[in-house]
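Topology and contacts: notes
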Amino acid sequence: MSAAPILEARGLVKRYGHVVALRGADLELYPNEILAIIGDNGAGKSTLIKALSGALQPDEGEIRLDGESVHFRTPRDARGAGIETVYQDLAVAPALDIAANIFLGREARRRGVLGRILRMLDQGAMRREATRHFAELKIGVQSIAQPVEDLSGGQRQGVAVARAAAWARRLVIMDEPTAALGVKETGQVLDLIRRVRERGLPVILISHDMPNVFELADRIQIMRLGRRVAVVTPATHSMAEAVAIMTGATQVENDR
Amino acid sequence: MRHSLRGRPVRGRRSALTAALVLAVAAAMLATGASAGTSADRAAIKVGLITKDVTNPFFVKMRAGATAEAKKLGAQLLYAAGKNSSDNASQITAIENMVTAGVKGILITVADAKAENAAIAKARSAGVLVIALDSPTDPKTAVDALFATNNLNAGILIGKYARAVTKGQTVTIAMLDEHAGSSVGALRHNGFTQGFGIKNSDKQIVCVANGGGDTPDSQTAMENCLQKNPDIDVVYTINEPSAAGAWTALKNAGKTTSDVTIVSVDGGCAGVRNVKAGVIDATSQQYPLLMASKGVDAVVNYAKTGEKVSGYTDTGVNLITDHPTAGVPSKSVAYGLAHCWG
Amino acid sequence: MTTTTERAATAPGRTYAILDAGRRVLATPTVGPFLALVLTMAFFSVKTDRFLQTENLSLVLQQTLVVGVLAIGQTLVILTAGIDLSVGTVMALGQILMTKLAVVGGVPALPSLLLGILTCLGLGVLNGGLVTLVRLPPFIVTLGTFNIAFALTHVVSNDVTFTGLPSTLLFFGRTFRIAGASVTYGVVFMLALYALAWFALRQTAWGRHVYAVGDNREAARLTGIHTGRILLSVYALAGLTSGLAAMLLVGRTEVGDPNAGQTTENLDSITAVVLGGTSLFGGRGTIVGTLIGALIVGIFRNGLTLIGVDVIYQYLVTGILVILAVSVDQLTHRRRA
């Protein structure tokens, strides 16, 4: 890892009353990698992710993007900084079509009077863009004008991922991207995540699925009781070893 | 393809249900079409009748009278009504549609004295004879003719009666009207006060409320009046269902029939029976059947001869009571029962 | 991802586009109501030749004016999975204000109209504010506004019917001739409003956001849509359409009627929306469907009178249709998180 990290978090602390969700958690994300975050329930994975995506503000600690210190007060701030998130429940509007969902909240308007005064949408342009993204990510659908509710689970995940990949400038965060999928569709989504990386966007993902994690991730960050306890790779550790670290069966020195 | 719990594609189910919806519409229409009877475009003269609502026995009798007369004359009666006694929007729509349906004349008890004049004017300019029944319009010239009880007289009669039986003493009076804009309501109310010999601002009138012209609303209105003034001697009610509701409230408050004098207007059979039972002391009987059948006659005559009826035709009113009092002409309950409606 | 499209999806091929469009048309929520409308019209045309006359059709349009315009605002609200029970009485207040100001207050016609419309808009904003800021359920909020507007109507009008309106107020009731029929300006206005609503819902980001908020509010929020502003806007617009409906009502009846809007204008507007295929759960439906729904009710009432059937059957048929339409909605719809 000779390159500098794109995203760094140092000593993040988050308290909810008496409960301490993060106790000085760290993270580094390097270019062109897929970093998986694993940990038992309550380890702080979701909280860490939310801090990185602007959904909550840490009480202590620092986040750096490309070396610059950043403070995200809302998810919009994180998006503005180029960080896109794929939520566990996808956050798509099923009645709207694929293109509409890709551009939801960021719709393209026509140029000129029609766009500025009548605020008319450029549906053709949005559809073309969405089609292009789908093609690059090799997601197969019958038509970009299909309503999302007509898609299979894997295709829907594809929509959510494509949306994040289309807008992200720096990195993409994914929360349990294969949780609701069957075997075949899981495989397709894993391929999809690799293609996101190939587009030059590093990915942080949370997953409970050990085999998937070990198949996909370049590095694996293990969290326990609100902090990072280890960073391993599939090459250096086996699944069983990682799980042991995760549950505390194996004690490790906190790795930096 | 999105799948439902039972595995069938949702899109398929939606189109199946859409088809079911459309078939149901078709079936419904066949059913109503069947009840339409013979073709509506035969050469019979069409007469329209529009009442305030469908349920008040007064209007039921009116409709029965119109139907019978139409049948006798070989005319076809088209009927419509509002959803309640203040619904003029439905009446306006009915006027328009009946004109398109080809009626020669429309008989109508207007829910609002003014709000329907525009629609009536359009009907008249299309050559349709419009006769107001029972409730006058404002202005009176908005319609061709008015066949009605002289509602002012009806009020005067019961006003005089109430004054006579209370022997000139100072009393407390409650008045249950119906909704604002009701011309009938205004006439009967003012007739009562005139007959009683007082102004509307007289202090003996302690409560004026909207009893809606029906039983449950009048009970509520009377209860509220009693809260303000537990001692009521005289109750004026716009019609007999209203009187029935008022009586329930008074009875529940511990009054007996001899404590209170209740007067009303209408002369429906149920109301006359209430007079017999002593609940209502006197009622002004009017003759809706006569209004309706005369109306049908007038329209058919107009259709045949082009002769329009105009002006005001008084269809008569009689005071019905079993306790007549000097100075106020009245007829017995037996007479009332023989000539009642509903 | 199906095996037949393993290769990357290209821009939709012509055949795909046509087939897909065809399939989508069949499954769109508007097809059912449209077919029902066509069937209804066919039925009445067969039963009587008075139905399909241009004058009669023009009349039906006039009779659907008020409910039709109220239903535009109601559609917007229902698309966000809300409901507005106050449209009828807010309209009543608006028309009383307009007419009283003009007749008794001596205010010139246009400012009277404007003040009436603005009052209705204000009540709509009140609804929206309570729904978004205080987070009260729309059913409760609009029920409250319904009663408030009802009371205010009676207080302001003092239960008097206002007549003798200045001619400007009667503008929308006036007719002009086109293609051998007389059409009122009110009808033209209503159709223009529908066109405007269609454009806003289908061709602007705001419209998409309305659908998104009704379909999956959390998703809308997470994608950065100001859900509060969207909700406020639809209730405000419902207030505005109540005000516009008031203006059209005045043009049609030529009076200020203290008893207006009390019977079933609220429910009729909801009926039109539901019959038009819009889902009460939000996120699905079309404005064209609403117009069809309003027309179906109006056509039934008109047609039944023309063929001499008791108009009571209109309520029976409408009731059955509403139950069927809502059942279709319920059975084909499954909320996804």
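Residues numbered from 1 in each chain as written. Chains lettered and ligands numbered in written order. Predicted model: local features only at pLDDT ≥ 70, side-chain atom pairs only at ≥ 80, totals over all residues.

**Comments concerning the overall build of chain C**
Definition in use: In DSSP terms, a helix is any run of H or I states spanning at least four residues, a strand is any run of E spanning at least two, and both are numbered starting from the N terminus. A radius of gyration in this sense is built from C-alpha atoms; the matching globule rule multiplies 2.2 Å by the number of residues raised to 0.38. Put simply, a residue is buried when 20 or more other C-beta atoms lie within 10 Å of its own C-beta and exposed when 12 or fewer do; between those, it is partly exposed, and each C-beta is set from the backbone.
In terms of helices and strands, chain C carries 14 helices and 2 strands. Whereas a compact globule of 337 residues would reach a radius of gyration of roughly 20 Å, chain C reaches 21 Å, a difference of no more than 12%. Counting the 337 residues in chain C, one finds 57% classified as buried.

**Points about the environment of V161 of chain A**
Mapped onto the elements, V161 of chain A comes out in helix α6 (residues 153-167). Once the C-alpha coordinates of V161 of chain A and V141 of chain A are considered, the two residues, 20 residues apart in sequence, prove to be 14 Å apart.

**With respect to the nonpolar core**
As a reminder of what qualifies: Throughout this description, the term nonpolar core refers to a group of buried Ala, Val, Leu, Ile, Met, Phe, Trp, Tyr and Cys residues whose C-beta atoms join them within 7 Å. Domain extents, as shown, originate in an automatic or database domain assignment. For the purpose of contact definition, each residue receives a C-beta atom placed from its backbone, and two residues are in contact when these atoms lie within 7 Å.
Ranked by size, the top nonpolar core spans 278 residues in total, and within it L171 and V172 of chain A carry the most contacts. With 15 residues, helix α11 (residues 227-253) of chain C is the single largest residue contributor to this core. When residues of this core are sorted by domain, at least three fall in each of domain 1 (46-148 + 288-309) and domain 2 (151-286 + 319-338) of chain B. When neighbours within four sequence positions are excluded, L171 of chain A is seen to be in contact with I6, L7, L29, I83, L201, P202, V203 and I204 of chain A.

**Thoughts on the sheet that holds strand β12 (residues 317-320) of chain B**
Residue and element names in this part refer to chain B. Operational definition: Following DSSP output, two strands are said to pair if at least two bridges run between them. For helices, the fitted axis covers only the stretch in contact; all axes are lines through C-alpha atoms, and the angles between them, taken along N-to-C directions, range from 0 to 180 degrees.
Strand order across the open sheet formed by 6 strands is β7-β6-β8-β9-β10-β12, with mixed pairing between neighbours. Two strands in the sheet have a free side with no partner beyond their single neighbour: β7 (205-210) and β12. The average angle at which neighbouring strand axes cross in this sheet is 15°, direction not considered. In the sheet, strand β6 (residues 173-177) pairs with strand β8 (residues 234-237) via 4 bridges, with the strands oriented parallel. Considered in β8, the bridge of M175 is made with Y236. Where helix α8 (residues 240-252) meets the sheet, it contacts β6, β8, β9 (261-266) and β10 (282-286), and its direction lies at approximately 155° from that of β9.

**What about the confidence of the model for chain C?**
Regions with low pLDDT carry predicted coordinates that are not meant to be interpreted in detail. As a reminder of what qualifies: Confidence of the prediction at every residue is given by pLDDT, a number between 0 and 100.
With 91% of its residues at a pLDDT of at least 70, chain C reaches an overall mean of 87. With a pTM of 0.82, the predicted complex shows an ipTM of 0.85.

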